[in-house]
Amino acid sequence: MSNIAEMVYLDYAASTPADPRVVDVMTPLFGAGGDFANPSSGHTAGRRSSAHVERAAGQLAELLGCKEEQLVWTSGATESDNLAIVGAARYRADRGRHLITMPTEHKAVADVFHVLEKRGFEVSWLRPDDTGVLDPANLEAAIRPDTQLVSIMQVNNETGVIQDIEALGALCRERDVLFHVDAAQSVGKLPLALASLPVDLLSTTAHKVYGPKGIGALYIADRPGCHVEPLIYGGGQQGGRRPGTLAVPLIAGFGEAARIARCEMQENHEHLRSLRERLWSGIRDLDGIVRNGSDSHSFPGILNVSIEDVEGESLLLALEPLCVATGSACNSTSQEPSSVLRALGRSDLLAQSAIRFSFGRPTTSAEVDLAVARYREAVARLRDIAPGRAA
Ligand SMILES: *Cc1c(COP(=O)(O)O)cnc(C)c1O
């Protein structure tokens, strides 16, 4: 076990640390003497708590380019995805029982569709091309008169591939089909202007963008037919769409994270781009290396590579003290190769050797250089001890 000081954290797609400015906003909201009161209470203390929530809603709405009333606070992107898909499916059940998504979606979306399939909905799983990008023509061909909802993520969490949500959403609008976007990896990282985008439902989470864990939001467009049935029932907060006492400190932290992300987006983007270039140019000459995902349509904070004749789990161990993800990061309880990489046409073996490096604001070029050195060493060492491989 390496200690924290020796760790090189390159797993920002799994979670980011809260920005110190976010922590400063949140800390005073927990204890006595701070604004801890229930924001639903009508007294002075309640109104003070409520003001923090309103400010945060304004900050998040500004980042997303939408109105504050269009946001529902949730516990994160998993809940937002569930509320969007199950909530809309329940509300619009009379409209038809056909749904469309992709096998490259996060589990928080894909598993919801698996459950709905068992409950009598029919799901079309659209495959991307071998770089991970979906051709809008494939969506157009899949939409039927009984299609009620399409769910496609903006930035893929394993490969960084970006889908053209504007083109995909426009096709949905034409046919009066609801369009949900899981934007957990893109909010605060790519510019978004929801007021002018054909998106009906959009999921976000704070902890992927230097906010706290346990808070997210669902954007719901105010259009006729765009409505979700609640998944839980209670005190009627948030118009009954998601009741329960609001998590004021977490919400305030999310608001501050959104404010920072908006101000520093361009600068962060350049930083990530140069880190990814540095890493890829340090390893791209290795024999049998394959980049997973599109070079032209991708978010620069993620680099996913597979390599021939190297076993993934051994590689992960050999890479210590780098904290990176394997191809099966999101199914860490199973040894199944990533369904995302299989959808890109990778063999099981190649998918199993996949390593996802993901960078963040705190990442330095020295850390990337160390990752390059570690990766090259680990690959050479594992190939050396693997029996039966010609040198
Ligand atoms: C992290 C992530 C989620 C889950 O978000 P939580 O806030 O951890 O529930 C969902 N979708 C994508 C694309 C993600 O990257």
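Scoring rules and cut-offs
Counting of residues starts from 1 at the beginning of each chain's written sequence and follows it residue by residue. Reporting of local features is limited, given that this is a predicted model, to residues whose pLDDT is at least 70; pairs of side-chain atoms are given and counted only at 80 or more, and all residues count toward the totals for whole chains, interfaces and linings. Remark: hydrogens and water are excluded; side-chain values derive from all non-hydrogen atoms of the structure. Where helices and strands are cited, they refer to DSSP runs of H or I of at least four residues and of E of at least two residues respectively, numbered from the N terminus. Identification of polar contacts relies on pairs of N or O atoms within 3.5 Å, with a donor-acceptor requirement for protein atoms, meaning one able to donate a hydrogen and the other able to accept it, and with residues adjacent in sequence counted only if both atoms are side-chain atoms. Contacts between residues were defined by any pair of non-hydrogen atoms, one from each residue, lying within 4.5 Å. Here the rule is simple: two strands pair whenever DSSP picks up at least two bridges between them. Whenever a helix is involved, its axis is fitted only over the stretch in contact; in every case the axis is a line through C-alpha atoms, and angles between N-to-C directions fall within 0 to 180 degrees. Residue proximity to a molecule or strand is established when one non-hydrogen atom of the residue lies within 4 Å of it. Note on areas: these come from Shrake-Rupley sampling with a 1.4 Å probe, and a residue is covered only by the protein chains present in the view. When residues are grouped by polarity, Ala, Val, Leu, Ile, Met, Phe, Trp, Tyr, Cys and Pro land in nonpolar, Asp, Glu, Lys and Arg in charged, and all others, Gly among them, in polar. Burial classes: relative accessible area under 20% of the type maximum marks a residue as buried, over 50% as exposed, and values in between as partly exposed (1.4 Å probe, protein chains only). As used here, the arc is the angular range of directions from the helix axis to the C-beta atoms. We call a pair of cysteine sulfur atoms a disulfide when they lie within 2.5 Å. Think of a 1 Å grid over just the protein atoms. A cavity is a set of points where a 1.4 Å probe fits yet cannot get out, a pocket is an open set with protein on both sides within 12 Å along at least five of seven lines, and lining residues have an atom within 4 Å of a point. Grid points are joined across faces, edges and corners, and a volume is the space filled by probe spheres set on the points. Where a domain begins and ends is set by an automatic assignment or by a domain database. Accessible area that two parts lose when put together, with a 1.4 Å probe and added across both, is what the buried area reports. What counts as a ring pair is set by centres within 6.5 Å for rings of Phe, Tyr and Trp (its six-membered ring), and what kind of pair is set by the plane angle: stacked under 30 degrees, edge-to-face over 60, tilted for all other angles. In our convention, an over-ring charge means Lys NZ or Arg CZ found within 6 Å of a ring centre and within 35 degrees of that ring's normal.

**Q** Talk me through the side chain of Asn-292; I want residue IDs and the actual numbers.
**A** By secondary structure assignment, the location of Asn-292 is in the loop between strand S9 (289-291) and strand S10 (302-307). At 2.5 Å, the side chain of Asn-292 and the side chain of Arg-346 are in polar contact. Those residues within four positions of Asn-292 in sequence are excluded, and the remaining contacts are Thr-159, Asn-304, Val-305, Ser-306, Leu-341, Leu-344, Arg-346 and Ala-354.

**Q** Report on the sheet that holds strand S6 (residues 178-182), specifying residues and quantitative values.
**A** Reading across the sheet, the seven strands line up as S2-S8-S7-S6-S5-S3-S4 and stay open at both edges, with mixed pairing between neighbours. Here the strands that pair on one side only, and so sit at the sheet edges, are strand S2 (71-74) and strand S4 (122-125). When the angles between neighbouring strand axes are averaged without regard to direction, this sheet yields 20 degrees. Pairing between strand S3 (residues 98-101) and S4: four bridges, direction parallel. Residue pairing in the sheet places Thr-101 in a bridge with Trp-125 of S4. Along the sheet, helix H3 (residues 77-91) contacts S2, strand S5 (147-151), S6, strand S7 (201-205) and strand S8 (216-220); its crossing angle with S7, the most-contacted strand, is approximately 160 degrees.

**Q** Residue-level account of the site of the ligand, with values.
**A** For the ligand, the set of nearby residues contains 13 residues, the closest of which are Thr-78, Asp-182, Gln-185, Thr-205 and Lys-208. In this structure, an oxygen atom belonging to the ligand sits 2.8 Å away from a side-chain N or O atom of His-207. Summarising the interface, the protein chains cover 88% of the accessible area of the ligand, which totals 380 Å² for the free molecule. Residue contributions to the shell around the ligand peak at three residues, all from H3. Residue classes in the shell around the ligand are distributed as three nonpolar, seven polar and three charged.

**Q** Give a detailed account of helix H6 (residues 165-174), specifying residues and quantitative values.
**A** Among the residues of H6, those classed as buried are Ile-165, Leu-168, Gly-169, Leu-171 and Cys-172. End-on view of H6: buried residues confined to an arc of 155 degrees, all on one side of the axis. Check the buried side of H6 and you find it contacts helix H5 (136-142), S5 and S6.

**Q** Describe the environment of Ala-57, listing the residues and the values that go with them.
**A** With respect to the helices and strands, Ala-57 occurs in helix H2 (residues 44-64). Note: C-alpha distance between Ala-57 and Gly-255 (198 residues apart in sequence) is 6.6 Å. Sequence-distant contacts of Ala-57, that is, excluding residues within four places in its chain, are made with Glu-68, Leu-71 and Trp-73.

**Q** Mind laying out the state of the cysteines, listing which residues take part and the relevant values?
**A** Applying the stated criterion across every chain, the model contains zero disulfides. Distance from the sulfur of Cys-66, which forms no disulfide, to the nearest cysteine sulfur (Cys-226) is 12 Å. You can see Cys-263 has no disulfide; the closest cysteine sulfur is in Cys-66, sitting 17 Å from it.

**Q** Outline the layout of surface pockets, listing residues and values.
**A** Estimates place the volume of the largest pocket at around 320 Å³. Surrounding the largest pocket, 14 residues form its lining, Val-53, Glu-54, Ala-57, Trp-73 and Leu-246 being those nearest its centre. Element by element, the count of residues in the lining of the largest pocket is highest for H2, at four residues.

**Q** Could you give an account of the domain arrangement of the protein chain, naming the residues involved and the relevant values?
**A** Domain annotation for the protein chain reports domain 1 (4-16 + 265-385) and domain 2 (20-260). Here the C-alpha centre of domain 2 lies 28 Å away from the C-alpha centre of domain 1. Opposite the 30 residues of domain 1 that make contact, domain 2 presents 31 residues. Across the domain 1 to domain 2 interface the summed buried area is about 2,600 Å²; carbon plus sulfur atoms make up 55%.

**Q** Lay out the packing of aromatic side chains with the relevant residues and their values.
**A** Taken as a whole and assessed by the stated rule, the structure comprises four aromatic pairs. With a centroid separation of 6.1 Å and an interplanar angle of 65 degrees, the aromatic rings of Trp-73 and Phe-254 are classed as edge-to-face. Of the two residues, Trp-73 sits in strand S2 while Phe-254 sits in helix H7 (residues 248-283), which places them 181 residues apart along the sequence. With relative accessibility at 6%, the residue Trp-73 sits in the buried group. Of the residues examined, Phe-254 reaches a relative accessible area of 1% and is grouped as buried. With a centroid separation of 5.8 Å and 70 degrees between ring planes, the pair formed by Phe-357 and Tyr-375 is classed as edge-to-face. Separated by 18 residues along the polypeptide, Phe-357 in strand S13 (residues 355-358) and Tyr-375 in helix H11 (residues 365-385) bring together distant segments of the chain. In terms of burial, Phe-357 and Tyr-375 fall into one category: buried. Arg-97 extends its terminal NZ or CZ atom over the ring of Phe-121, reaching a point 4.3 Å from the ring centre.

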